[in-house]
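The chain contents come next:
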Amino acid sequence: MPIDSREKIVLFIDGANLYATSKAIGIDIDYRRLLAEFSAKAYLLRANYYTALIEDQEYSSIRPLIDWLDYNGFTVVTKPAKEFTDAAGRRKIKGNMDIELCVDALELAPYYDHMVLFSGDGDFTALVAALQRKGKRVTVVSTLTTSTPMISDDLRRQADFFMDVADLAKSVGRPPSARPVAAPVVGVAEE
């Protein structure tokens, strides 16, 4: 692991990108173990998770994860997703969090030594270069194990270090079928 135990580190997680990457390699990320893994390696200053939410849905499948992260050591940054119809008449949802992640990473830069970016999005190449000019080290976490890599070549080349989610999954992953079963809510009768 390229992280020095004397460093102050931050985790910046592009939620949609990490979800797509972990799904592509057939694992779920255990976020409790992810925090423990990085906390054991250095001083973990902050763990930010970025995702867009569809506001008009009564129930969102990501809401339980967002709530859990928010109560368990992560700073969750969300914004409403935008819905539009493309030229072919298909309903599309757009929820890009790149700008929010970049602004936060640059604002926090004076307080950390090493950023761990969970994304393969090439749009972050300029951010990585800017942080390096400020003397920061950057590890990018994505994967090369899928038939088409989930990480941009430019981003991987720019980063100081690359960590494959497939390798990280050995300590923080679990098969999708191994999700913990939710305990029944106390005081609610089950049928």
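Residues numbered from 1 in each chain as written. Predicted model: local features only at pLDDT ≥ 70, side-chain atom pairs only at ≥ 80, totals over all residues. Heavy atoms only, no water.

**Quick look at the pattern of salt bridges**
- Enumeration according to the criterion identifies 8 salt bridges in this entry.
- Where Asp-4 meets Arg-6, a salt bridge forms, and the shortest distance between an N and an O atom there is 2.5 Å.
- Residue Asp-4 is classed as partly exposed on the basis of its relative accessible area of 24%.
- Linking Arg-156 and Asp-153 is a salt bridge whose minimum nitrogen-to-oxygen distance equals 3.6 Å. Residue Arg-156 and its partner Asp-153 are both found in helix α6 (residues 153-158); the two are separated by 3 residues, about one turn of the helix.
- Using a relative accessible area of 33% as the deciding quantity, one classes Arg-156 as partly exposed. (Salt bridge = Lys/Arg side-chain N within 4 Å of Asp/Glu carboxyl O. Buried < 20%, exposed > 50% of the residue type's maximum accessible area, 1.4 Å probe, protein only. Helix = DSSP H or I, 4+ residues; strand = E, 2+ residues; numbered from the N terminus.)

**Overview of the packing of helix α2 (residues 31-41) against helix α7 (residues 165-172)**
- Contact pair α2 / α7: the axes reach a minimum separation of 9 Å and the direction vectors enclose 100°. Classified by the interaxial angle, the pair formed by α2 and α7 is roughly perpendicular. Of the residues in α7, those touching α2 at Arg-33, Leu-34, Glu-37 and Phe-38 are Leu-168, Lys-170, Ser-171 and Val-172.
- Residues that form the contact of α2 with α7 fall into these classes: 4 nonpolar, 1 polar and 3 charged. (Axes fitted to C-alpha atoms, helices over the stretch in contact; angles between N-to-C directions. Parallel < 35°, antiparallel > 145°, perpendicular 65-115°, else oblique. Contact = heavy atoms within 4.5 Å. Nonpolar A, V, L, I, M, F, W, Y, C, P; charged D, E, K, R; others polar.)

**Considerations on the packing of aromatic side chains**
- Enumeration over the complete set of coordinates arrives at 4 aromatic pairs.
- Centroid distance Tyr-31 to Tyr-49: 5.9 Å. Interplanar angle 85°. Geometry classified as edge-to-face. Within this pair, whereas Tyr-31 is found in helix α2, its partner Tyr-49 is found in strand β3 (residues 43-53), the two being separated by 18 residues in sequence.
- Its relative accessible area of 10% is what places Tyr-31 among the buried residues.
- When the ring of Tyr-31 is compared with that of Phe-74, the centres are 5.9 Å apart and the planes differ by 85°; the resulting orientation is edge-to-face. With Tyr-31 in helix α2 and Phe-74 in the loop between α3 (63-71) and β4 (75-80), this pair connects stretches of sequence that are 43 residues apart.
- For Phe-74, a relative accessible area of 4% corresponds to the buried category.
- An aromatic cluster of at least three residues, connected via ring pairs, comprises Tyr-31, Tyr-49 and Phe-74.
- A cation over a ring is seen here: Lys-136 above Tyr-112, with NZ or CZ 5.8 Å from the ring centre. (Phe/Tyr/Trp six-rings, centres within 6.5 Å; stacked < 30°, edge-to-face > 60°. Lys NZ or Arg CZ within 6 Å of the ring centre and 35° of its normal.)

Remember, this is a structural readout, not a statement about activity or role.
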